[in-house]
Amino acid sequence: MRVSLCLAFATFAAAQPAPLLQQVEELQKELSQQRQLIQELKETRRLQESMADKITKLQETDLGLGGALDSAWLCLCGALVMFMHAGFAMLETGCCRAKNASNVLMKNLVNVCCGTLGWWSIGWALAYGEQNGNGFIGTDGFFGFGFYTRDKASGVITPVECTADGCQSTMLSWFFQWAFCTAGATIVSGAVAERVKSPTYAAFAFLMTSFIYPMVVASTWGGGWLASLFGVGYMDSWLVDFAGSGVVHLTGGISGLVGTTILGARTGRFTNPEEFECHNLPLVVLGTFALWFGWYGFNPGSTLTMKSGSDGALAAQVAMNTTLAAATGGITVFLLRYVIMHKYDVGALCNGILAGLVSITAGCGNMESGSAVATGLIGGFVYQAASMLLQALKIDDPVDASPVHGFCGAWGIIAAGLFDWGRGIDHYHGWSGFGCMEKDDGGCQTGIGGTAIGVQFIMVLAIVAWAGTLSGIGFFLLKITGVLRYGTHVEEVGIDSHHHSPPKAYALEPKSLSPSKVYSTMTSETQPSTAHKFCGRIARMRPRDPTPHFSRAT
């Protein structure tokens, strides 16, 4: 049948004119070309799909690499900030009296432990939880819930979902911000040292890290009402506190000032001031260097990312500004004290360094190096004036925590607005780093410098009002219930000997002392008979002069 049809078609085609045959051949060629084109399109589509898959995988790899770099950077910087607690402990211990050294050290350790639990259970959620438009307080993330995604069927945990905005886990942010939170609470420890009861301070540390400090964070870094003043968002906000002159240091400093005012001065502080001098300057210097070292996690780490060259350049600029302000603040206070006392004051030099560090913390990411020097210089004057003011008002702050962190923290917030490296007062960089704050069309916003400086003042007032009021209520309630302060007898004999085991932080052997020191120690700590016997032995051990006394006279 098929053979018959083919023969019939061939006979029909042979009978047709030549033009018709040519048209058939052309149609056959076109059909072949169309088939070839379809095949090429299919191959192109297959290649496109393959390339799209590869691009997606490369993007995921790039985001994953960026997330790994961010994680390494923030874990390192968070560890440096945590190491600052060692500096706080050494500095505070050295500034206080030896008979309370163990208590001071214990209080710093308890602060970190109780502060950690407060931050994990409540603090993080209030600070960085979803605010749902209220602008004041977070509402989720309590006790670590919601930090990662768990598949209900398999139980498999997805710790982080990478997006175009980044690839950082919630746990990473929790750890880094925890270090800041507990550092802020430790500031209060120095201001109330040597007379506050240890369990009472532990309770206040929990309150500080779970409510007072987180509420400040929620209003600022958490994107709340302070960060949204005049209708702008957090990263476009005119409010600038790069690493926490206000959020951390002013909050801790004003809380410490209120606490030490309500607590009252140490017994005899202003009647026998020579008895309250630093008992161990080497510890003070060691603590200062530890804090300065840790500040390179505190400030450069606040870039919060390390994905690109520009991120690295900003971190380097921040580190340079931090160094310059610290050095300038230290030398400024050192010279001021020399002019006043005509003697070298190592403790003042240490506090001057810390004053410069606190002052630059807010503006370290939006000012040039010359402005950083000016910030540290003025910060030194602010610290010295505040310290003298507290002395005149007879407010007893054993380590000058409130002048360093409170007053210099307030100055740092204002300096961040005044010295912003935007062109004149017309342009403003703020959170934008090396670039200006932009309009919708990509151009620089103009005429906003004055408003930005005004926002900085509002931030200072808001933090002072909130932290001061809440701390005042807390300390006052503790005072009227009688659980705030140790009694006069405990202060006189020392908290260590009364409440700690062993009863003293230092174990000095008598053989390491000179005979006169040993005699003094024995007469004060042993029975008179024993002391006289010991001194007799010392006297018999001394070589006698063989020349009679009368021969010397002659």
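Note that the structure is predicted; figures quoted are calculated from it, not measured.

Some points on the overall build of the chain
Phase 1: The helix and strand inventory of the chain stands at 17 helices and 2 strands.
Phase 2: The buried share of the chain, reckoned over its 554 residues, is 47%.
Phase 3: Contacts in the chain between residues far apart in sequence, at least 24 positions, make up 75% of those at least 6 positions apart.
Phase 4: Put simply, the chain shows about 27900 Å² of open surface, and 65% of that area lies on carbon and sulfur atoms.

As for the packing of aromatic side chains
Phase 1: Under the criterion given, the structure shown has 20 aromatic pairs.
Phase 2: On the basis of an interplanar angle of 85° and a centroid distance of 6.5 Å, the ring pair of tryptophan 119 and tyrosine 128 is categorised as edge-to-face.
Phase 3: With relative accessibility at 25%, the residue tyrosine 128 sits in the partly exposed group.
Phase 4: Three or more aromatic residues joined by ring pairs make a cluster, and in this case those are Trp119, Trp124, Tyr128, Phe147 and Tyr213.
Phase 5: Sitting over the ring of tyrosine 201, lysine 107 keeps its end group 5.3 Å from the ring centre.
Phase 6: The ring of phenylalanine 270 has arginine 269 lying over it, and the distance from NZ or CZ to the ring centre is 5.0 Å.

A closer look at the packing of helix 3 (residues 101-128) against helix 5 (residues 198-219)
How two helices pack is summed up by the angle between their axes together with the distance between the axes.
Phase 1: Relative orientation of the contacting elements helix 3 and helix 5 amounts to 35°, with a least axis distance of 7 Å. As helix 3 runs across helix 5, the sense of the crossing is right-handed.
Phase 2: In terms of residue class, the contact of helix 3 with helix 5 is built from 18 nonpolar, 9 polar and 1 charged.

Here's the deal with the environment of valine 490
Phase 1: Residue placement: valine 490 occurs in helix 13 (residues 488-493).
Phase 2: Beyond its immediate chain neighbours, meaning those up to four positions away, valine 490 contacts Ile495, His498 and His499.

A short note on the pattern of salt bridges
Phase 1: Tallied over the entire structure, the rule returns 8 salt bridges.
Phase 2: Residue lysine 307 is joined to aspartate 70 by a salt bridge in which the shortest nitrogen-to-oxygen separation is 2.5 Å. On the criterion of sequence distance, the pair formed by lysine 307 in the loop between helix 7 (281-298) and helix 8 (309-341) and aspartate 70 in helix 2 (residues 18-95) is long-range, its members being 237 residues apart.
Phase 3: In this structure, the salt-bridge partner of glutamate 92 is lysine 107, at a minimum N-O distance of 3.0 Å. Remark: lysine 107 occurs in helix 3 and glutamate 92 occurs in helix 2; sequence separation between them is 15 residues. For the pair glutamate 92 and lysine 107, one class covers both residues: buried.
Phase 4: Among the ionic contacts, a cluster of salt bridges with common partners joins Arg97, Glu194, Arg266, Arg269 and Asp396.

Quick notes on empty space enclosed by the protein
Phase 1: This structure, assessed with the given rule, holds 1 cavity of 30 Å³ or more.
Phase 2: Along the walls of the largest cavity sit 14 residues, with Phe88, Leu91, Val399, Ala401 and His405 positioned nearest its centre.
Phase 3: Where the lining of the largest cavity is concerned, the elements lending two or more residues are helix 2, helix 4 (170-191), helix 9 (346-360) and helix 11 (401-418).
Phase 4: Along the lines of polarity and charge, the residues of the lining of the largest cavity split into 8 nonpolar, 4 polar and 2 charged.

Notes on helix 4
Given 3.6 residues per helical turn, the α-helix brings residues three or four places apart onto the same face.
Phase 1: Across its 22 residues, helix 4 extends 33 Å between first and last C-alpha, which sits within 8% of the 32 Å expected from 1.5 Å per residue.
Phase 2: Within helix 4, 18 of the 22 residues are buried, which leaves it mostly tucked inside the rest of the structure.

Concerning the layout of surface pockets
Phase 1: Here the second largest pocket defines a volume of roughly 840 Å³.
Phase 2: Around the second largest pocket, the lining comprises 30 residues; the ones closest to its centre are Arg269, Cys278, Arg337, Asp345 and Gln391.
Phase 3: Those elements that place two or more of their residues in the lining of the second largest pocket are helix 2, helix 7, helix 8, helix 9 and helix 10 (369-392).
Phase 4: Considered class by class, the residues forming the lining of the second largest pocket number 16 nonpolar, 5 polar and 9 charged.

Quick look at the nonpolar core
Phase 1: Among the nonpolar cores identified, the biggest contains 80 residues, and Trp119, Phe180, Tyr213, Trp221, Val247, Trp295 and Phe298 are the most heavily contacted of them.
Phase 2: At 10 residues, helix 4 tops the list of elements feeding residues into this core.
Phase 3: In this view, valine 247 contacts Tyr213, Val216, Val217, Thr220, Trp221, Asp241, Met459 and Ile463; residues no more than four positions away in its chain are not counted.
Phase 4: Counting 21 residues, the second largest nonpolar core, distinct from the first, contains Phe204, Ile254, Ile395 and Leu478.

Cut-offs applied
- Residues numbered from 1 in each chain as written.
- Predicted model: local features only at pLDDT ≥ 70, side-chain atom pairs only at ≥ 80, totals over all residues.
- Heavy atoms only, no water.
- Helix = DSSP H or I, 4+ residues; strand = E, 2+ residues; numbered from the N terminus.
- Buried < 20%, exposed > 50% of the residue type's maximum accessible area, 1.4 Å probe, protein only.
- Contact = heavy atoms within 4.5 Å.
- Areas by Shrake-Rupley, 256 points an atom, 1.4 Å probe, with all protein chains shown as cover.
- Phe/Tyr/Trp six-rings, centres within 6.5 Å; stacked < 30°, edge-to-face > 60°.
- Lys NZ or Arg CZ within 6 Å of the ring centre and 35° of its normal.
- Axes fitted to C-alpha atoms, helices over the stretch in contact; angles between N-to-C directions.
- Left-handed = near helix turned anticlockwise from the far one by under 90°.
- Nonpolar A, V, L, I, M, F, W, Y, C, P; charged D, E, K, R; others polar.
- Salt bridge = Lys/Arg side-chain N within 4 Å of Asp/Glu carboxyl O.
- 1 Å grid on protein atoms, 1.4 Å probe; cavity = no way out; pocket = protein on both sides within 12 Å on 5 of 7 lines; lining within 4 Å.
- Points joined across faces, edges and corners; volume = space filled by probe spheres on them.
- Expected span 1.5 Å × (residues − 1).
- Core = buried A, V, L, I, M, F, W, Y, C linked by side-chain atoms within 4.5 Å.

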